[in-house]
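In case you want the letters, here they are:
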Amino acid sequence: MDFHAALGIGLPIGIGIAAIGSGIGLGGIGNGAMQAIGRQPEATAKIQLNMIIIAALAEALTIYAFVTMFLLQGKIG
Amino acid sequence: MGLEFLARVRRTTLWTGAIAALTVATYGAPLHALAILLGVVWSLVNLRLIELLVVALTGPQRGGLRVLQRSAVAVGGMIALFAAGALLLSRLSPVWLLAGFSLPFAVLVLKAASSLVLESAIWKRLVASRWRAAGVVVVLVAGAWWAATAWSGSEATRGAGSARRATPLLASAESPAAPEPRAGETARHGEEEQGPQKFPNVITVLSRAFPDAPWARFLHEFEVVIFSILIAIILCVVAFVASRRPQMIPGPLQNGVEMVVEGLHDFVVGILGPRHGPRYVPFLGSLFIYILAMNLFGLIPFMDSPTSSLNVTVSLALVVFVFSQFIGFKELGFVGYFDHMMGTPRSLIGWILVPLMLPIHVMGELAKPISLSCRLFGNIFGEDMLLVAFATLGVSTLSFAHLPFGLPLQLPFMFLALLTSTLQALVFTVLSTIYILLMLPHDEHVHEGEAQHAH
């Protein structure tokens, strides 16, 4: 298998795996934040702020995979 | 005009020297940059020693023991300095070293000349009226522009003569014109097919229409910069118009701008605390507004969002990085900064862990701008690509009918783009705020705990 084919198969699968990971992470973050808001509705603003920050950190991993895909996309040929 | 003037010259020289060294390191050889930097440092130390000597010899209490000591230190330092200079001259390229060495003198002369010009009656009359001052600025910029183009033109002809320094830009300008415009256009098209295609914007349309005009090529090369400057100008004009005549009962524009500013102020102060917060509101608030405007600009037809280029996001992230390090140095002090980087060791175990904590902290600091820039770029670029993909799909579904338009399949995703644009601007600002917060002295323990959790 030449490397064009390897990249062509590997890049989408890699993004998918990264998306699965950060999807699980985002689910956990949302779960925790919603429970916290349900228990303490008066702290909604603070919880939402921290939720957005952590969600950005979790989501960044997929973005890295995405950027890597765009960097290598030109080599598929 | 005195010692204080010399101190100002030193400061300016340090800045210009650093910038010149960075420029040379980027566009030339790093060794030359080092030579420039060392030359500047050499010259500055030399000037400082001379100043010490002169002050010691002509000061009010001459003849004392301290004065003798000081002048001895100055003379000894100068001897050591000349030895170091001889060593440097033998090791590094003398031309660049000399350029760095003469930089303080150039700054000195220019500063003196500009202070003469600024105090003259003609200049005062020129800048008395706002419009006349603007005219002067325009004339100065146009003159500098003309001089730069004339200089680079002569450089290009010389380059063609010696055929030695043919940079890609000049080479493409020198290459014989394409036999017919059609061939040039296809070549350009093929060149652009390399990367993923974006929506056409004003500038790409212009450069397609005039493939051989130098101004169109210039526009195309500086597309991102032009769009970001355009956005900055628009924001400036809006802010200026809204705050020009503040009224007790605000009009709609003033009301909106006040709402935005107040919201950003509350937001930043809520994170940084009332003691440190208000100082950083202008920086972080304008960061948010600017990034939001740049993100949303891509949704306007025939416009492009500059943040979908890695150059813009990296420069934004570098600004935040440098600013937060600067705040760290300013607020914590030199020792405090390194104490912070070593994980504030207070016990034996803390000191044992220093070799582990220091690299981790340094890596963490360096990873911040990378993650900031890649996140913003990836999101905005991905959003643009998504829109392009669905617009292409919409066109290709109707391709059998040979219509000049397609199904607007990208419309639902434009709402998604609105959401991600806002969210990413918010995330960038929040993370910058947190980075600044981590650099501030930790006297508010509640906020420190929050920041630690955020990481």
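S.K.: Explain the overall build of chain A to me, please; I cannot follow it from the model alone.
M.R.: Within chain A, the secondary structure is distributed over two helices and zero strands. Expressed as a percentage of its 77 residues, the buried residues of chain A come to 13%. Looking at chain A alone, contacts between residues at least 24 apart form 83% of all its contacts between residues at least 6 apart.

S.K.: It is not clear to me how the overall build of chain B should be interpreted in this structure. Could you clarify?
M.R.: In terms of regular secondary structure, chain B is built from 17 helices and zero strands. Restricting the contact set of chain B to residue pairs at least 6 apart, pairs at least 24 apart contribute 59%.

S.K.: How do you make sense of the packing of helix α1 (residues 3–39) of chain A against helix α2 (residues 44–73) of chain A when you look at a structure like this?
M.R.: Axes are the key here: two packed helices are described by the angle between their axes and the distance separating the axes. All names here are of chain A. Relative orientation of the contacting elements α1 and α2 amounts to 180°, with a least axis distance of 9 Å. Classed by the angle they form, the pair α1 and α2 counts as roughly antiparallel. Here the residues of the contact of α1 with α2 are counted per class, giving 20 nonpolar, seven polar and one charged.

S.K.: Quick question: what am I supposed to make of α2 of chain A here?
M.R.: Owing to its 3.6 residues per turn, the α-helix aligns residues three or four sequence positions apart on the same side. Residue and element names in this part refer to chain A. In a regular helix each residue adds 1.5 Å, so 30 residues correspond to 44 Å; α2 covers 42 Å between its end C-alpha atoms and thus fits that length. Its axis deflected by about 30° at Ala60, α2 carries its strongest bend there. Looking only at α2, the buried set comprises Asn50, Ile53, Ala56, Glu59, Thr62, Ile63 and Phe66.

S.K.: Where do I start with the interface of chain B and chain A in this structure?
M.R.: For an interface, size is often stated in terms of accessible area lost upon the parts coming together. Each side of the interface is counted separately: chain B has 18 residues, and chain A has 14 residues. It is helix α15 (residues 354–397) of chain B that provides the largest number of residues to the side of chain B that touches chain A, a total of seven residues. Partitioning the side of chain B that touches chain A into residue classes produces nine nonpolar, seven polar and two charged.

S.K.: How should the nonpolar core be read in this particular structure?
M.R.: The nonpolar side chains of a soluble globular protein tend to be buried with one another. By size, the foremost hydrophobic cluster in this structure holds 45 residues, and its most contacted members are Ile291, Leu431 and Ile436 of chain B. Those elements that place two or more of their residues in this core are α2 of chain A together with α11 (223–243), α12 (252–297), α13 (310–341), α15 and α16 (411–439) of chain B. Looking at this core, the element that brings in the most residues is α12 of chain B, giving 15 residues. Among the nonpolar cores identified, the runner-up in size contains 16 residues, and Ala35, Val40, Leu103 and Val107 of chain B belong to it.

S.K.: Would you explain unusual backbone geometry in this entry?
M.R.: The phi angle of most residues is negative, glycine excepted, and most peptide bonds adopt the trans form. At Phe302 of chain B, a residue that is not glycine, the phi angle is positive and equals roughly 65°. Mapped onto the elements, Phe302 of chain B comes out in the loop between α12 and α13.

S.K.: What exactly am I supposed to notice about the environment of Leu437 of chain B here?
M.R.: All names here are of chain B. Tracing the backbone through its elements, the reader meets Leu437 in helix α16. We classify Leu437 as buried; it has 24 C-beta atoms within 10 Å. In this structure, the C-alpha to C-alpha distance between Leu437 and Ile271, residues 166 residues apart in sequence, is 7.9 Å.

S.K.: Before we go on, may I ask you to explain α1 of chain A in this structure?
M.R.: Residue and element names in this part refer to chain A. Taking 1.5 Å of rise per residue, 37 residues should cover 54 Å, and α1 covers 53 Å from first to last C-alpha, within 8% of that figure. Along α1, only three of the 37 residues are buried, which leaves the element largely exposed. Residues of α1 that are buried include every one of Leu11, Ser22 and Ile29, and no others. On the buried face of α1, the contacting elements are α2.

S.K.: Can you help me understand the packing of helix α1 (residues 3–27) of chain B against helix α2 (residues 30–58) of chain B in this one?
M.R.: Residues and elements named next belong to chain B. One can describe the packing of α1 onto α2 by two numbers: an axis separation of 7 Å at closest approach and a directional angle of 170°. Accordingly, the angle class assigned to the pair α1 and α2 is roughly antiparallel. Judged by residue contacts, Leu6, Arg10, Thr13, Gly17, Ala20, Ala21, Val24 and Ala25 of α1 engage Pro30, His32, Ala33, Ile36, Leu37, Val40, Leu44 and Glu51 from α2. Partitioned by chemical class, the residues of the contact of α1 with α2 number eleven nonpolar, three polar and two charged.

S.K.: Whenever I open this one, the confidence of the model for chain B confuses me. Can you help?
M.R.: All names here are of chain B. For chain B, per-residue confidence averages 80 on the pLDDT scale, and 86% of positions sit at 70 or higher. Confidence drops under pLDDT 50 across residues 159–195; counting only partners more than four residues distant or on other chains, this segment forms 19 contacts. Of the regions scoring below 50 in pLDDT, residues 444–455 engages in 13 contacts with residues more than four places distant in sequence or in other chains. As scored by the predictor, the complex reaches a pTM of 0.63 and an ipTM of 0.70.

About the criteria used
Residues numbered from 1 in each chain as written. Chains lettered and ligands numbered in written order. Predicted model: local features only at pLDDT ≥ 70, side-chain atom pairs only at ≥ 80, totals over all residues. Helix = DSSP H or I, 4+ residues; strand = E, 2+ residues; numbered from the N terminus. Buried ≥ 20, exposed ≤ 12 C-beta atoms within 10 Å, placed from the backbone. Contact = placed C-beta atoms within 7 Å. Axes fitted to C-alpha atoms, helices over the stretch in contact; angles between N-to-C directions. Parallel < 35°, antiparallel > 145°, perpendicular 65-115°, else oblique. Nonpolar A, V, L, I, M, F, W, Y, C, P; charged D, E, K, R; others polar. Expected span 1.5 Å × (residues − 1). Bend = angle between axes of the 7 residues up to and from the residue. Core = buried A, V, L, I, M, F, W, Y, C linked by C-beta atoms within 7 Å. pLDDT = per-residue confidence, 0-100.

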